[in-house]
Amino acid sequence: MHRGRRHRESARRGWIALLIALSLVPWTAWAAGPRVRDPDAASGDHGPLREIVVTATRRAEPAQNVGIALTAVSGRLTHSLRVEQPLDLALVDPSLSTMNAQTDGTPLFLLRGIGLDDFNNNNSSGVGIYQDGVFASFPGFLTDTLYDVGRVEILKGPQGTLYGKNTDGGAINIISAQPTARFGGYVEIGYSRWNTVDLTSAVSGPLNDRVNARLAGTMTTQGEGYQTDLGTGQRYGKLHRGGARALFDIRLDDTTSLNLNFHWVYDHSVPSSPSTPNVEALIPPEPFPTAGLMDSPPGGTLVRVGGLPLYKHEVGGGAAATLKADFASFTLTSISAYDYFTDHSLDNYDGYPAADNNWTKNFQQWQMSQEIRLTSKTGGPVDWIVGAIYSQNWYRNRDALDWTFVYGLATYMTQQGLAITAENFVQRQRSSGVYANVDTHLSPRLTLVTGLRYSHDQTAFDGVTIDPTGLLTYAANNFTGPIVPDTVLAALDESRSNQNVSYRVGLDYHPRPEVLLYGSVASGYKAGIYYGQPAQVQVDWGYVQPETNLTSELGVKSRFLGDSVQWDMDVFDSEIRNRQSSLSLWAGPVGTQPLIAGLGNVPRSRIDGIEAEVDWYPARGLAVHLAATDLDARVTRTLTNDNGLALFTPVRVGQMLPDAPSFAWSYIVHYEHPLSAKLIAFVQANDRFVTAIHPYLGDPTTFGRGHDMGARIGIRDPAAHWHASLWSTNLTDTRPLTYAFAGSEGQRVSFYQRPRSFGVDFTYDF
């Protein structure tokens, strides 16, 4: 056994021993006899732990009673941690791995090592992300700013029965703050490093006796970029983004309500750029100077872009209508939604100033969905939910990649436009499903959970990749043969469909009201998809089969020590078939053509692990949150090629799966103390750590192995009408790689954690 595997097994045994020891604590407290609460506790305040109500199972119920591993995060906490985009939610849950697979774009989400590692925007994550009840079908819908958040729920493990396709890793519910019956709101303004100004505001209240409304908006403007081009002095990585949302809660009659949600986002930022430390050592001799002009130092603040005018112009918006009608024995819920998003951008994806994978992106995406479900009233021997959903989405793409340098056509280092792959395709998807979930209360303490869902998905792809100048094909043929403009490199016009049946069977047992033991076997799937980058060879375009996951899980949720501790733990084993994975491939015979990326299926893989989460209130005003995840994610069947293209390095049994760190942990500590009758001081610290991560299968590059520490200190009034604080992100100014991969020359394309930032903000509530 390898030393790394022995170390992981030893760590896992240590974790198991620790968690078993912790699990004895509530039972010891139980055996010691009943607790005596103080008068306030007896009147209903059960200590510092508050009851958290979630809608993870499509009905409102306390998180303590839900037999699913989940993390619930309040909007107040997301704000204090500066969770500005969905990607930042990894700060609160180490089971969640997130990264940008393109420069400031294509966010990837994985729970317990299952999700998405494809960097193309036509794909969908295996972690279903729902914004106010609506599934985000493309990564582009997840790049906007998070603001005015009510709460976030992170559900771990397959959620195929209640949530459907693309939830084999889990699901994330992002719920906006809702309209209120009383007038109120807030204004927050902040100033931080690089002359950055943040402004967020919301106002809520009644318009009349039947309509409550909430209007919210945010904007961020950054005066200067945090990166500097070593050759030109230009600045990159400058934010200019924002959004607005209008919510209307309309009471149609005493039993029927309608919630309308209108939203709009924009992002006109100057993107940051990756860098590379080692391309000069890998390229052949050139007829022009390159030494000292292509590599960049580590750290990510000094880059080489070569004057490429990086830009980003993104706009999106949509509307959703949620109708709820109460009947005698059930509630009818209907959710109708439409969203769109457009992107025009230029990305220096290779990480150095020559034309190698310079990526011009131009895509539009739309989605619409209709869901209807019936939810029984609780209180009887059986609680049930039945529903149906239909959705469509469209993706139109016109991208181009510039390969002038890598194909040996450049006569000077930054020459562009000679060797290009340009694609034009339309992808259409239609999905439908019906589902049922039944909770059968076998006794006051024991509940049998069963769920079943049938899904049907159809994906159509119609597109072509061409060589507009003909020079790329000419260079690939050793500079022989005719030069034929608009040479077709790949063309595909086909449609595929698949069906899936997902299920869940579980038992929830309450030995005491404050302890839940649960076990389940659940399945989920990720729908089939097509590879979306411009293809240099025909076989790089093709249908990738659906991915399925079967997970067995045991868990415990408990409160003890006078309700000052909430402790959750679960162990799980996931068997994944046909995992959809990005692959690093040779475009032709090994070593004779550039490296390219592809998307394929890993026949078999397996992930088992342990998760633990503790919320502890050891003293008045002090709150501690600790969480850790240990994974053993590995390939269990060898993969040597994808459609005949050889992998950069072979994928063997036992190899670590991409984007699945073997260990990750996080903490959040918050303390507040009154300075006087009118003033309270508070301080907060947080950190997250991950071990090494691989980006693709067949790619030996690693990233991760670092911390992301933050801090905040401030004052507020006791009634929380205002607060002011100083904050810092990346407090220790460490620069671990947040993403990396082998570029077309084999160089390490490197994305670094942003440098330390610090600022001040002030919020006034009214």
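Cut-off values and rules
Residues numbered from 1 in each chain as written. Predicted model: local features only at pLDDT ≥ 70, side-chain atom pairs only at ≥ 80, totals over all residues. Heavy atoms only, no water. Core = buried A, V, L, I, M, F, W, Y, C linked by side-chain atoms within 4.5 Å. Buried < 20%, exposed > 50% of the residue type's maximum accessible area, 1.4 Å probe, protein only. Contact = heavy atoms within 4.5 Å. Pairing = 2+ DSSP bridges. Helix = DSSP H or I, 4+ residues; strand = E, 2+ residues; numbered from the N terminus. Phe/Tyr/Trp six-rings, centres within 6.5 Å; stacked < 30°, edge-to-face > 60°. Lys NZ or Arg CZ within 6 Å of the ring centre and 35° of its normal. Lys, Arg positive; Asp, Glu negative; His and termini not counted. Salt bridge = Lys/Arg side-chain N within 4 Å of Asp/Glu carboxyl O. Polar contact = N/O pair within 3.5 Å; in protein donor to acceptor, adjacent residues only side chain to side chain.

Next up on the list: the nonpolar core. With 69 residues, the main nonpolar core has F109, F119, V152, I172, Y407, W541 and Y739 as its most contacted residues. Apart from residues lying up to four places away in sequence, F119 is in contact with A101, Q102, T106, Y349, W359, Y531, Q533, S582, A597 and Y696.

Turning next to the sheet that holds strand β5 (residues 105–111). Backbone-to-backbone hydrogen bonds pair the strands of a sheet. The strands run either parallel or antiparallel. One open sheet holds the three strands; their spatial order is β4-β5-β6, and the pairing between them is antiparallel. If you trace the sheet from one side to the other, it starts and ends with β4 (96–102) and β6 (114–115), each paired once. Both β4 and β5 contribute to a ladder of six bridges, which runs antiparallel. Counted as the bridge partner of T98 is F109 from β5.

Glancing now at the pairing of strand β35 (residues 645–651). The sheet contact formed by strand β34 (residues 639–642) and β35 spans three bridges and is antiparallel. Paired with L639 across the strands is V651, a residue of β35. In this antiparallel pair of consecutive strands, β34 and β35, the connection spans two residues, and N643 shows a positive phi of 55°.

Our next topic: the pairing of strand β43 (residues 757–765). Bridging between strand β11 (residues 184–192) and β43 involves seven bridges; their strand directions are antiparallel. Looking at β43, one finds that E188 is bridged to T763. The pairing of strand β40 (residues 722–729) with β43 spans eight bridges and is antiparallel. Along β43, the bridge assignment pairs S728 with F758.

Taken as a whole and assessed by the stated rule, the structure comprises 37 aromatic pairs. Measuring from centroid to centroid gives 5.7 Å for W586 and F648, while their planes differ by 80°, and the two rings are edge-to-face. Of this pair, W586 sits in strand β31 (residues 565–586) while F648 sits in strand β35, and the two are 62 residues apart along the sequence. On the basis of relative accessibility, which here comes to 14%, the residue W586 falls in the buried class. Here a set of aromatic residues connected by ring pairs shows up, and it is made of F138, F141, F341, F363, Y395, F425, F461, Y530, W541 and Y543. Looking at R112, its charged tip hangs above the ring of F572, at a distance of 4.0 Å from the centre.

Another aspect to go through is the side chain of D659. By the element assignment, D659 lies in the loop between β35 and β36 (663–676). Among buried charged residues, D659 stands out as having no salt bridge; its nearest opposite-charge side chain is R579, 5.9 Å away. Other than its neighbours up to four places away in sequence, D659 contacts S97, M99, L108, L110, G113, L116, D117, I693, H694, P695 and F703.

Structurally, W194 is set in the loop between β11 and β12 (196–206). Given the relative accessible area of 11%, W194 is considered buried. A C-alpha to C-alpha distance of 45 Å links W194 and D486, two positions 292 residues apart in sequence. If we skip the residues at most four places from it in the chain, W194 touches Q222, G223, E224, G225, Y226, P755, R756 and S757.

Spatially, three strands are ordered β15-β14-β18 in an open sheet, and the strand pairing comes out mixed. Strand pairing shows two members of the sheet lacking a second neighbour, β15 (235–236) and β18 (302–303), which therefore form its edges. In terms of strand pairing, strand β14 (residues 227–229) meets β18 through two bridges, oriented parallel. Opposite T228, over in β18, you have L302 as the bridge partner.

One non-glycine residue with positive phi stands out, namely N195, at about 55°. Relative to the helices and strands, N195 is located in the loop between β11 and β12. Judged by its relative accessible area of 41%, N195 is partly exposed. Located in the positive-phi region is D563, a residue other than glycine, with phi close to 60°. You can see D563 is positioned in the loop between β30 (547–560) and β31.

What follows covers the pattern of salt bridges. Going through the model one piece at a time under the given rule, you end up with 26 salt bridges. One salt bridge in this structure joins K156 and D93, with 3.2 Å as the shortest N-O distance. Of the two residues, K156 sits in strand β9 (residues 149–156) while D93 sits in the loop between α3 (75–80) and β4, which places them 63 residues apart along the sequence. In this structure, K156 and D93 share a single accessibility class: buried. Several salt bridges share partner residues, and in doing so they unite D573, E575, R577, R604 and R606 into one network.

Moving on to the environment of T473. Mapped onto the elements, T473 comes out in helix α5 (residues 471–476). Linking T473 and T548, residues 75 residues apart in sequence, is a C-alpha distance of 38 Å. Discounting residues that sit within four places of it in the chain, T473 has contacts with D467, T487 and L489.

Let's shift gears to the side chain of D198. Mapped onto the elements, D198 comes out in strand β12. According to the relative accessible area criterion, D198 is buried, its value standing at 14%. In terms of polar contacts, D198 uses its side chain to reach the side chain of T220, at 2.6 Å. With near-sequence residues (within four places) excluded, D198 lies in contact with R82, E188, I189, G190, S192, M219 and T220.

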